[in-house]
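Residue strings, one per chain:
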Amino acid sequence: MFVVMRLYWPKTEAPSVLPLGSGTWAPPGIVPVTNARALDARRFGDKSLETVIRTDHRYGGDVFFEGPRGWPYWKLLEYPKPIQNPNLWPDSQSTYFLSRFALPAGDTLTLRGAFPRARYFKFALYKAEQGTFVSTGEDIAGWDISPDPGSTNPFVVGNYRLGDPRDDTVTIVAEDAPAKKEDREANTLYAGSGGGDLQFVTRIYLSDAGSDGAGWAPWASAVRRRGLPDIELTLADGSQLTGDEAIAAIGKPIAGNTAQPFTAAQWDALINAKDNDPTLDPATAPARKDPKWEKYWNIQYSILGSFKTAEKRARIPYAGPIDGGGDPDTNYLFIQLSRKFGPVFVTRGKLPTFPDTYAGAAGRGLEIMPKAQMQYFSIVSCEAAPSGQIVDGLADMQIPIDENGNYIIVYSRAEDRPKNATAENGVAWIEWSQRGEGLDTPANRTDFGMLMIRIMAPSSDWAESPANITKPGEEEAVMGAYYPRGKYSTKEAFEALGSKP
């Protein structure tokens, strides 16, 4: 390969190549790349630019599934579609597909697909309510899906994860769900007989090494056997439609981006509301000097309520289905912060056990699915709700732990990162957004920060599971050593802790 760099009409003012041999400009260094999968991947396990492009090329043209959607696609693709904007605090390792449709009473939608090579896989149904998408309670995780005859479900504990065939069939019926769980049909989601628009979400988290972002095919191969499910619509009269005909009959593509729960103006009004907690300062609200990690319940209680006094917040309903398109099997913990209280925020806790599926012994995925306290753990660095963007993220396998499973996570801007906040020192680092709230208005507060932890599908026999938190305020008592405890600090103070912080 012969590479030429041309510079047209260089000026004599600095920086310049002139005078030749002693100019102030120098060409960039050439960096050898031995693994194309590593391009733009900051950490082991991150999706590379190559993987993102390959995944979008394979699945991005489907008019029913409308994807892939997720932070790396929005960040790395040159021309992402509006629907690919993951604008409500997504995970950094997720690949989503959103579908919107209306299923008339008596109709059945059948999805014939394959289990992905990934850590987590789920189908879920939502309905639009109060400006956001609220779970209908109908969802099915990968391990609960019965495989087709002759196939193996790789998500079941003890099963071989890497084999073929791995086919599955799931149906969505326009009927009300049976009152008793034992009367439900296998591999079936109930959309209800009342009709109306539904949002159907396909979730795939942390595809295996060597797989594309959806886990359905090798990332480096132009050949794939199967990807997005084939759809088949059975009408109430028994007639069947497939492919484009089925989509035309029930599909309602999402025009543009999905809506935010707040506009910038509404967020600004909330910050300056007269009935806010008087101890809060609009310059930092809703952050507090002594912040605590909380379980997320819903937008009204967790976000709006965080600006109010404890007495006013207690009057806001917190129980109910997850909103904001959240996963019903995921427990979210979050904390809102301000750099005005300290440019560095340090969180310490104990990491629950998880199935480390990414690489395995041969570097192409773990062979056998193990039992663990949860399926997946992550932490993301967020901007404010009107932005909904994240700027950084860590998955469980990217977080160093000591011999007892304890972790330390440092949150700061790059210029405030302590020198000892490195994996070599047993410390994970996550970046604080330079944009703060991320609003494109003069009111944007660049000191705002927010962190969100996902604990997905915790095991029912894990006593300290956040799923056992039944009301606000129980977080620390229930989670014990697994509860994240955080405090403000500075670069200098953390560096003073030495090589073993």
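Before reading further, recall that the structure is shown in the block above.
Procedures and definitions
Residues numbered from 1 in each chain as written. Predicted model: local features only at pLDDT ≥ 70, side-chain atom pairs only at ≥ 80, totals over all residues. Heavy atoms only, no water. Helix = DSSP H or I, 4+ residues; strand = E, 2+ residues; numbered from the N terminus. Contact = heavy atoms within 4.5 Å. Buried < 20%, exposed > 50% of the residue type's maximum accessible area, 1.4 Å probe, protein only. Pairing = 2+ DSSP bridges. Patch = residues over 30% accessible without salt bridge, like charges linked within 9 Å, V, L, I, M, F, W, Y side chains within 5 Å. Areas by Shrake-Rupley, 256 points an atom, 1.4 Å probe, with all protein chains shown as cover. Salt bridge = Lys/Arg side-chain N within 4 Å of Asp/Glu carboxyl O. Axes fitted to C-alpha atoms, helices over the stretch in contact; angles between N-to-C directions. Arc of directions from axis to C-beta. Polar contact = N/O pair within 3.5 Å; in protein donor to acceptor, adjacent residues only side chain to side chain. Phe/Tyr/Trp six-rings, centres within 6.5 Å; stacked < 30°, edge-to-face > 60°. Lys NZ or Arg CZ within 6 Å of the ring centre and 35° of its normal.

Draft legend 1. Region of interest: the environment of methionine 452. Position of methionine 452 relative to the elements: it lies in strand 17 (residues 448-456). Remark: the alpha-carbon pair of methionine 452 and isoleucine 299, spanning 153 residues in sequence, is separated by 14 Å. Here methionine 452 is in contact with Trp89, Trp293, Tyr332, Leu333, Phe334, Ser378, Ile379, Val380 and Cys382, once residues within four sequence places are set aside.

Draft legend 2. Looking closely at the pairing of strand 5 (residues 167-173). In terms of burial, strand 5 is a largely internal element, seven of the seven residues being buried. The alternating pattern of strand 5 places Asp167, Thr169, Thr171 and Val173 and Asp168, Val170 and Ile172 on opposite faces, both of which are buried. As paired strands, strand 2 (residues 108-114) and strand 5 are joined by seven bridges and run antiparallel to one another. Each residue of the ladder has a partner; that of arginine 112, found in strand 5, is threonine 169. As judged from the three bridges shared by strand 5 and strand 6 (residues 188-190), these two strands associate in the parallel manner.

Draft legend 3. Here's a closer look at a nonpolar patch on the surface. Residues Met5, Leu7 and Trp25 make up a contiguous nonpolar surface patch of about 290 Å² in total accessible area. Following the sequence through the fold, methionine 5 ends up in the segment before helix 1 (49-59). The class of methionine 5 is exposed, set by a relative accessible area of 51%.

Draft legend 4. Region of interest: the pattern of salt bridges. According to the stated counting rule, one finds 25 salt bridges in the structure shown. One salt bridge connects lysine 308 with aspartate 275, and the closest N-O pair in it is separated by 2.8 Å. Here lysine 308 is found in the loop between helix 5 (299-303) and helix 6 (310-314), whereas its partner aspartate 275 is found in the loop between helix 4 (264-271) and strand 10 (294-295), with 33 residues between them in sequence. Among the salt bridges present, the one from arginine 435 reaches aspartate 440, with a minimum N-O distance of 3.7 Å. Among the charged side chains, a salt-bridge network with shared partners connects Arg42, Arg43, Asp392 and Glu431.

Draft legend 5. Geometry of the sheet that holds strand 18 (residues 485-489). What the four strands build is an open sheet, ordered 16-15-12-18; its pairing is mixed. Looking along the sheet, the strands with just one partner apiece sit at the ends: strand 16 (428-431) and strand 18. For this sheet the average axis-to-axis angle between neighbouring strands, irrespective of direction, equals 25°. Pairing between strand 15 (residues 406-412) and strand 16: four bridges, direction parallel. Bridged to tyrosine 411 within strand 16 is isoleucine 430.

Draft legend 6. Fine view of helix 3 (residues 243-250). Turning to helix 3, its buried residues number three or more, namely Ala246, Ile247 and Ile250. One face of helix 3 carries all of its buried residues, which in axial projection span an arc of 100°. Opposite the packed face of helix 3, turned more than 90 degrees from it, sit the exposed residues Asp244, Glu245 and Ala248. Buried residues along helix 3 sit against strand 1 (94-102), strand 2, strand 8 (230-234) and strand 9 (240-242).

Draft legend 7. Spotlight on the environment of glutamate 232. Within the element layout of this structure, glutamate 232 appears in strand 8. Considered as a pair, glutamate 232 and leucine 111 are 121 residues apart in the sequence and their alpha carbons are 6.6 Å apart. At 3.3 Å, the side chain of glutamate 232 forms a polar contact with the side chain of arginine 112. A polar atom in the side chain of glutamate 232 sits 3.5 Å from the side chain of glutamine 240.

Draft legend 8. How the structure looks around unusual backbone geometry. With an omega of -5°, the peptide bond between glycine 67 and proline 68 qualifies as cis. Note that proline 68 resides in the loop between helix 1 and helix 2 (71-76). With an omega dihedral of 5°, the bond running from alanine 285 to proline 286 counts as a cis peptide bond. Mapped onto the fold, proline 286 is located in the loop between helix 4 and strand 10. Of note, the phi angle at asparagine 187 is positive, near 55°, even though the residue is not glycine.

Draft legend 9. Focus on the sheet that holds strand 3 (residues 118-129). One open sheet holds the four strands; their spatial order is 1-7-3-4, and the pairing between them is antiparallel. The sheet terminates laterally at strand 1 and strand 4 (132-141), the two strands that pair on one side only. Each strand of the sheet is rotated relative to its neighbour by a mean of 25°, with strand direction disregarded. As paired strands, strand 3 and strand 4 are joined by seven bridges and run antiparallel to one another. Looking at the pairing, glutamate 129 lines up with threonine 132 of strand 4.

Draft legend 10. Highlighting the packing of aromatic side chains. In total, this model carries 27 aromatic pairs according to the counting rule given. Arranged with centres 6.2 Å apart and planes meeting at 85°, the rings of tryptophan 267 and phenylalanine 448 form a pair that is edge-to-face. Of the two residues, tryptophan 267 is situated in helix 4 and phenylalanine 448 in strand 17; the sequence distance between them amounts to 181 residues. On the basis of relative accessible area, tryptophan 267 is assigned to the buried category, the value being 1%. Taken together, Tyr96, Tyr120, Trp143, Tyr205 and Tyr376 form an aromatic cluster joined through their ring pairs. The residue whose ring lies beneath lysine 295 is tryptophan 297, and the NZ or CZ to ring-centre distance is 5.0 Å.

Draft legend 11. Spotlight on the pairing of strand 15. Across the seven residues that make up strand 15, a large majority, six, are buried. Bridging between strand 12 (residues 344-350) and strand 15 involves seven bridges; their strand directions are antiparallel. Counterpart to threonine 347 in the pairing with strand 15 is isoleucine 409.

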